[in-house]
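# Structural description and commentary
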Amino acid sequence: NVSFGELQIPDEIPLQPEVPASAVFLGSLTTNSHGVRGFVFALDERTLMLTEFSYDGSAPAARFYAVRGDSVRSPEFWILRDENGSTDKLSEYVNATIVIILPDEITVHTIDWFSVWCVQFNVSFGELLIPDDLPAFASA
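All chains use their own residue numbering, which begins from 1 and follows the written sequence. Local features in a predicted model are, by the rule used here, given only for residues with pLDDT of at least 70; side-chain atom pairs are given and counted only at 80 or more, and totals for whole chains, interfaces and linings are based on all residues. The side-chain quantities take in all heavy atoms of the structure and omit both hydrogens and water.

## Digging into the overall build of the protein chain
Note on conventions: DSSP H or I runs of at least 4 residues are helices, E runs of at least 2 residues are strands, and numbering of each starts at the N terminus. Each helix and strand in the protein chain was counted, giving 0 helices and 8 strands. When its helices and strands are written in sequence order, the protein chain yields β-β-β-β-β-β-β-β. With the principal axes as the frame, the protein chain shows a C-alpha extent of 65 × 40 × 25 Å. Taking all 140 residues of the protein chain together, 41% fall into the buried category. Remark: exposure states derive from per-residue accessible area (1.4 Å probe, protein chains only) relative to the maximum for the residue type, with buried under 20%, exposed over 50%, and partly exposed in between.

Spelled out as structure tokens, the structure:
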């Protein structure tokens, strides 16, 4: 018998919350700076779920942004409330799963970009271009 190595299994394995089967995968956030990364899903017309989301929390004025237009720098944008309902600067996230509710006046069909945006420096730390071919969601 020959051993090619061994595997240590920890006593506690952290479980990621399950993404609902009805969720639509929108894509992965680009990583421009501050360690932003994660996957973005639409749960319905107005609800986004970020999984495995990370951001180092060190920027002075980072927020979640929804943007309408040809560029993430387009002038038509909305500052989104975080998972706690706050529009204060974002804190650190490490492989987090969070849910973000879009404002009443927009849906995933009416925005073009989702971004972790620094208001003070006018720069995106990570963004996602929302696909054009999203399905219609069932009414609640």
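## Thoughts on the nonpolar core
A general tendency of soluble globular proteins is for nonpolar side chains to be buried together. Only buried residues count toward a nonpolar core. Its members are Ala, Val, Leu, Ile, Met, Phe, Trp, Tyr and Cys residues joined through side-chain atoms within 4.5 Å. Residues Phe53, Phe64 and Phe114 are the most contacted members of the largest nonpolar core, which totals 34 residues. Of all the secondary structure elements, the ones that give two or more residues to this core are β1 (24-28), β2 (37-44), β3 (47-55), β4 (62-68), β5 (76-80), β6 (93-101), β7 (113-118) and β8 (123-129).

## Section: the pairing of β7
The buried fraction of β7 amounts to 6 of the 6 residues, a majority that puts the element mostly inside the structure. Residues Trp113, Ser115 and Trp117 of β7 are buried on one face, and the alternating residues Phe114, Val116 and Cys118, pointing to the opposite face, are buried as well. Taking the residues that link successive antiparallel strands as the turn, the β7-β8 hairpin has 4 residues, and the phi of Asn122 there is positive, at about 55 degrees. A pair of strands is labelled paired if DSSP reports no fewer than 2 bridges between them.

## Thoughts on the side chain of Asp82
Along the chain, Asp82 falls in the loop between β5 and β6. We treat Lys and Arg as the positive residues and Asp and Glu as the negative residues; His and chain ends play no part in the count. Salt bridges are counted wherever a side-chain nitrogen of Lys or Arg sits within 4 Å of a carboxyl oxygen of Asp or Glu. Salt bridges are absent for the buried Asp82, whose nearest opposite-charge side chain, Arg81, sits at 7.5 Å.

## Some thoughts on the confidence of the model for the protein chain
Every residue carries a pLDDT, the predictor's confidence in it, which falls somewhere between 0 and 100. Residue-level pLDDT values for the protein chain average 92, and 92% of them are 70 or greater. When mean pLDDT is compared element by element in the protein chain, β3 scores highest at 98, while β5 scores lowest at 96.

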